[in-house]
Amino acid sequence: MSEFKLADRLATLPPYLFAEIDRLKQEVAAQGVDIISLGIGDPDLPTPDFIIDALYEAAKKPVNHQYPSYVGLLTYRQAVADWYKQRFNVDLDPEKEIVSLIGSKEGIAHFPLAFVNPGDLVLVASPNYPVYPVASGFAGADVQIIPLTDENDFLPDLNAIDNDTWKKAKIFFINYPNNPTAATATAEFYEKLVEKAREFNVIIVQDAAYTEVYYDDNNKPLSIMETPGAKDVAIEFHSLSKTYNMTGWRCGMAVGNPTLVAGLGKIKENVDSGIFQAVQEAGIAALKHGEPHVEGFRKIYKERRDCVIEALHKINISCRVPEASIFVWAKTPEGYSSSDFVSKLLRETGVVVTPGNGFGAPGEGYFRISLTVDTDRLKEAVSRISKL
Ligand code: PLP
């Protein structure tokens, strides 16, 4: 039997911190415990029917059975431009400033290959979606974690980053509304960041996957592209996944600086062949006509959020009230590490939450609850937690 060794880039990946939780979950389930999983960031609500109908109609057209264009149908990119204009009042050129993605994860994972050489420095605001450091590492980058703290509203403290670091940095990954902390970014923060990035020639990658899950119509999350000068330095990743409950459809976009968009497009030209055109047509329908449905989803998430927050506060678990995202980021009780608390919760109540340190060292001392189960199950989960 031949022996095959994994490439160093895989062999040196940090251990998968959720593996122990997965094992424990199986152990507890095997004892007949009814498991409630609040660990998954995947919306439980179905995709609206009109989007499925649009897919069905588009799938019947033979022209859609061939290879799609790797940058995406111009009509899809135009629909993205129209949506950005209507939602954020941002003008985008669909020919040069938008590329379609097979979900934003795909684009984020490929982006460093376009701009990072081995040994380049990449900054990652953390706790973080794990793809940023992993994809940067695959491209040979040295990754430096920029911690997000409660005291700084989970925004990176830009003044704490010294000039040497700014000079060396090639890319700075940020994500607002943030997974896992649920923090949102202010216009002032984006202005400062864009100013620094322009001064030091750093690429800003902003992951905007959760901008449409917000709880206050008068305080909607921003796009970094609303910031003057952002197009000089930034690319923003977005997706239909969380907005329209379309995680399985794999339909996203990157927008912004034309050189950054073109660089990502060049990688994609060489590694994939774009999104199934029928999915793009369904995506156009979602972007054009989805808003009334999204309003309904927001109401459901708000009810869930309020139920969780009320219960956590009652039992003195400290957490902020999220303004956006499908997550609640809570502090573990005194004396418990993230892993200890999550294991105890699972063993004693059958409720699965995600340990904060799974999103990087700055997440230690926290756990994440996903609002992706219905209110009755959430109520059951919080009632079990409160009896702990
Ligand atoms: N960005 C963040 C912060 C996420 O949490 C996720 C998925 O969970 C993604 C991006 C990827 O989303 P998709 O590839 O479905 O667009």
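Before going further, it helps to examine the pattern of salt bridges. In total, this model carries 23 salt bridges according to the counting rule given. In this structure, Glu-106 engages Lys-268 in a salt bridge whose closest nitrogen and oxygen atoms are separated by 2.8 Å. Highlighted residues: Glu-106 in helix H5 (residues 104-115) and Lys-268 in helix H10 (residues 258-271), separated in sequence by 162 residues. The residues Glu-106 and Lys-268 share a single accessibility class, namely buried. Through salt bridges with shared partners, a single network forms among Asp-34, Arg-377, Glu-380 and Arg-384.

If you check the shell around the ligand, you find 14 residues, and the closest are Ser-104, Asp-207, Ser-239, Ser-241 and Arg-250. Residue Tyr-210 places a side-chain N or O atom 2.8 Å away from an oxygen atom belonging to the ligand. Relative to its free-state accessible area of 400 Å², the ligand is covered by the protein chains to the extent of 91%. For the shell around the ligand, the residue count by class is four nonpolar, six polar and four charged.

Moving on, we get to the domain arrangement of the chain. The domain boundaries assigned to the chain delineate domain 1 (13-42 + 292-387) and domain 2 (49-289). Between the C-alpha centres of domain 1 and domain 2 the distance comes to 26 Å. If you look at the interface, domain 1 gives 27 residues, while domain 2 gives 32 residues. Together, the buried faces of domain 1 and domain 2 total about 2600 Å²; carbon and sulfur atoms form 58% of this surface. The tally of links from domain 1 across to domain 2 stands at four salt bridges. Here Arg-320 ties to Asp-153 by a salt bridge, and the two come within 3.1 Å at their closest N and O atoms.

The complete set of buried residues in helix H6 (residues 131-138) reads Val-131, Tyr-132, Ala-135 and Ser-136. Buried positions in H6, seen along its axis, are confined to an arc of 125° and lie on one side of it. Taken together, the buried residues of H6 touch H5, strand E3 (121-126), strand E4 (142-147), strand E5 (169-175) and strand E6 (203-207). Looking at the residues trailing H6, positive phi occurs at Gly-140, about 90°.

What the three strands build is an open sheet, ordered E9-E12-E11; its pairing is antiparallel. Two strands in the sheet have a free side with no partner beyond their single neighbour: strand E9 (327-331) and strand E11 (354-355). Contacts from helix H12 (residues 291-314) reach E9 and strand E12 (366-370), with the element oriented near 10° to E9.

Here E9 lies mainly inside the structure; four of its five residues are buried. Both E9 and E12 contribute to a ladder of five bridges, which runs antiparallel. Bridge assignment links Trp-329 to a residue of E12, and that residue is Arg-368.

Ranked by size, the top nonpolar core spans 61 residues in total, and within it Phe-172 and Ile-174 carry the most contacts. Elements with a minimum of two residues in this core: helix H3 (49-59), helix H4 (74-88), E3, E5, helix H8 (187-200), helix H9 (230-233), strand E8 (252-256) and helix H11 (277-289). The element contributing the most residues to this core is H4, with seven residues. Looking at which domains feed residues into this core, each of domain 1 (13-42 + 292-387) and domain 2 (49-289) gives three or more. Residues contacting Phe-172, with those up to four places away along its chain left out, are Leu-123, Ala-125, Ile-146, Pro-156, Leu-158, Ile-161, Trp-166, Leu-193, Val-202, Ile-203, Ile-204 and Val-205.

Conventions and cut-offs
- The numbers attached to residues start from 1 for each chain and follow its sequence in the written order.
- Local features in a predicted model are, by the rule used here, given only for residues with pLDDT of at least 70; side-chain atom pairs are given and counted only at 80 or more, and totals for whole chains, interfaces and linings are based on all residues.
- Excluded from the side-chain calculations are hydrogens and water; all other atoms, namely the structure's heavy atoms, are used.
- Salt bridge criterion: a side-chain nitrogen from Lys or Arg within 4 Å of a carboxyl oxygen from Asp or Glu.
- Where helices and strands are cited, they refer to DSSP runs of H or I of at least four residues and of E of at least two residues respectively, numbered from the N terminus.
- In this scheme, a residue with accessible area under 20% of its type's maximum is buried, one over 50% is exposed, and one in between is partly exposed, where area comes from a 1.4 Å probe on protein chains only.
- Being near a molecule or strand, for a residue, comes down to having at least one heavy atom within 4 Å of it.
- Polar contacts, as counted here, are pairs of nitrogen or oxygen atoms within 3.5 Å of one another; within protein the pair requires one atom able to donate a hydrogen and one able to accept it, and residues that are adjacent in sequence qualify only if both atoms are side-chain atoms.
- Using the Shrake-Rupley algorithm and a 1.4 Å probe, accessible areas are obtained, with residue cover drawn only from the displayed protein chains.
- All amino acids are sorted into three groups, where Ala, Val, Leu, Ile, Met, Phe, Trp, Tyr, Cys and Pro are nonpolar, Asp, Glu, Lys and Arg are charged, and the leftover types, Gly among them, are polar.
- Throughout, the edges of the domains are those of an automatic or database domain assignment.
- Throughout, a residue-residue contact means that at least one pair of heavy atoms, one from each residue, lies within 4.5 Å.
- Defined here as a combined quantity, buried area equals the accessible surface (1.4 Å probe) lost by two parts on assembly, summed across both.
- Regarding the arc, it is the one traced by the directions from the helix axis to the C-beta atoms.
- When DSSP finds two or more bridges between two strands, those strands count as paired.
- Geometry is summarised by axes, namely lines fitted to C-alpha atoms with helices restricted to the contacting stretch, and by angles between N-to-C directions that run from 0 to 180 degrees.
- We define the nonpolar core as a collection of buried residues of types Ala, Val, Leu, Ile, Met, Phe, Trp, Tyr and Cys that are connected through side-chain atoms lying within 4.5 Å of one another.

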